[in-house]
Amino acid sequence: MADETANAQGTAAFIFEMGVMKQAKRTGWWFTGNNNPESIADHSFRVGIIGAVLAMMEGVDPAKVALMCLFHDTQETRIGDIPHIGRRYIDVVGNVEVTADQVARVHPAVRSGVLRVVEAYEANDTPEAIVAKDADKLECLVQAVEYRAQGNTLVQDWIDTSLASLKTASAQALAEEALNMSPLEWRKKHLGQ
């Protein structure tokens, strides 16, 4: 009974920790002058959607990809969202190690499941992981396009680096379309405007 209580407490604590992602902001956008960027949770949600869509287009397992996308940035509750330029100055523990610490006191099935997902994403050696990584980059590109449409003119580097890192044909095709339309195009198409 003591183990079950400890597992439940640890798992509940992990769930609360994941809530931090709703408050923590994606800090790379600060370099573009955006003082109120999306949260890590905002980003991760759309990465999951994009990942599932890309997986369907690429013919790989959308559930596996979406799960990788959901957990791909959970480590940022512990280490923050360190912009790429800042990472060169800091010795950061790897995401698998951070995740192992995060789930050390959770239910054993949760611990092994979350670790397996993060390890697969970080290994980047399966079609699903490659699609999940593309989803992360494509979401960054789409977010940059939205910020540009809102008047933020300093996002081109984010667009360029995201576009250059895409591996799958589906992600490249979606990126090209996203770059050539208004973020409100969906509204025009579906409302007949």
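In this report, the structure presented in the accompanying data block is examined. (Residues numbered from 1 in each chain as written. Predicted model: local features only at pLDDT ≥ 70, side-chain atom pairs only at ≥ 80, totals over all residues. Heavy atoms only, no water.)

1. Details of the overall build of the protein chain
What counts here: Where helices and strands are cited, they refer to DSSP runs of H or I of at least four residues and of E of at least two residues respectively, numbered from the N terminus. Between the two quantities, the radius of gyration covers C-alpha atoms and the globule rule is 2.2 Å times the number of residues to the power 0.38. By definition in these notes, contact holds between two residues if any of their heavy atoms fall within 4.5 Å.
Within the protein chain, the secondary structure is distributed over 11 helices and 0 strands. Along its sequence from the N terminus, the protein chain presents helices and strands in the succession α-α-α-α-α-α-α-α-α-α-α. For a compact globule of 193 residues, the expected C-alpha radius of gyration is about 16 Å, and the protein chain comes in at 18 Å, within 12% of that figure. For the protein chain, the spread of C-alpha atoms along the principal axes amounts to about 60 × 35 × 35 Å. By sequence separation, contacts in the protein chain at least 24 residues apart represent 64% of the contacts at least 6 residues apart.

2. A short note on unusual backbone geometry
One non-glycine residue, Asn124, lies in the positive phi region at around 50 degrees. Along the chain, the position of Asn124 falls in the loop between α7 (108-123) and α8 (127-149).

3. Quick word on a nonpolar patch on the surface
This is how the line gets drawn: Patch members must show over 30% relative accessible area and no salt bridge, and they are joined within 9 Å when carrying like charges or within 5 Å when they are nonpolar side chains of Val, Leu, Ile, Met, Phe, Trp or Tyr. What sets the accessible areas is the Shrake-Rupley method with a 1.4 Å probe; for residues, cover comes only from the shown protein chains. Here a salt bridge means any side-chain nitrogen of Lys or Arg lying within 4 Å of a carboxyl oxygen belonging to Asp or Glu.
Nonpolar side chains collect at one region of the surface, where Phe31, Ile79, Ile85, Tyr89, Ile90 and Val92 lie side by side and expose about 590 Å² of accessible area between them. Here Ile85 is to be found in helix α5 (residues 84-87).

4. Some remarks on the nonpolar core
Nonpolar side chains in soluble globular proteins generally cluster together in the buried interior. Let me state the cut-off plainly: Within this scheme, the nonpolar core is defined by two criteria: the residues are buried Ala, Val, Leu, Ile, Met, Phe, Trp, Tyr or Cys, and they are joined through side-chain atoms within 4.5 Å. Residue burial is assigned from relative accessible area. The probe radius is 1.4 Å, only protein chains are included, and a residue is buried under 20% of its type maximum, exposed over 50%, and partly exposed in between.
If you look at the biggest cluster of nonpolar residues, it comprises 38 residues, and the most contacted ones within it are Leu54, Val65, Leu138 and Leu141. For this core, the secondary-structure elements that each account for two or more residues are α1 (2-23), α2 (40-58), α3 (62-71), α7, α8 and α10 (169-179). Looking at which element gives the most residues to this core, the answer is α8, with 11 residues. Beyond its immediate chain neighbours, meaning those up to four positions away, Val65 contacts Gly51, Ala52, Ala55, Val60, Glu128, Val131 and Ala132.

5. Let's talk about α3
Put simply, the rule is: Polar contact is defined as a pair of N or O atoms within 3.5 Å, subject to the rule that within protein one atom must be able to donate a hydrogen and the other to accept it, and that residues adjacent in sequence are counted only when both atoms are side-chain atoms.
Buried within α3 we find Val65, Met68, Cys69 and Phe71. Against the buried residues of α3 lie α1, α2, α7 and α8. Its side-chain oxygen at 3.0 Å from the backbone nitrogen of Ala63, Asp61 defines the N-terminal cap of α3.

6. Quick look at the side chain of Asp134
Filter applied, for reference: When charges are counted, neither His nor the chain ends are considered; positive counts come from Lys and Arg and negative counts from Asp and Glu.
Position of Asp134 relative to the elements: it lies in helix α8. Lys167 provides the closest opposite charge to the buried, unpaired Asp134, separated from it by 6.4 Å.

7. Brief notes about the environment of Ala104
Inspection of the secondary structure assignment puts Ala104 in the loop between α6 (95-102) and α7. On the basis of relative accessibility, which here comes to 37%, the residue Ala104 falls in the partly exposed class. A sequence separation of 94 residues divides Ala104 from Gly10, and the C-alpha atoms of the two residues are 8.1 Å apart.

8. Thoughts on the packing of α3 against α8
This is how the line gets drawn: Axis lines are fitted through C-alpha atoms, for helices just across the contact stretch, and the angle between N-to-C directions can take any value from 0 to 180 degrees. Throughout this description, any angle smaller than 35 degrees is read as roughly parallel, any larger than 145 degrees as roughly antiparallel, any in the 65 to 115 degree range as roughly perpendicular, and the remainder as oblique. In this scheme, a crossing is called left-handed if the near helix is turned counterclockwise away from the far one by less than a right angle; it is called right-handed if the turn is clockwise. In this classification, Asp, Glu, Lys and Arg are treated as charged, Ala, Val, Leu, Ile, Met, Phe, Trp, Tyr, Cys and Pro as nonpolar, and every other residue, Gly included, as polar.
The N-to-C vectors of α3 and α8 enclose an angle of 50 degrees; their axes lie 9 Å apart at closest approach. By the angle between their axes, α3 is oblique relative to α8. Our pair here, α3 against α8, has a crossing hand that is right-handed. Between α3 and α8, the contacting residues are Lys64, Val65, Met68 and Cys69 on the first element and Glu128, Ala129, Val131, Ala132 and Ala135 on the second. Within the contact of α3 with α8, the residues separate by chemical class into 7 nonpolar, no polar and 2 charged.

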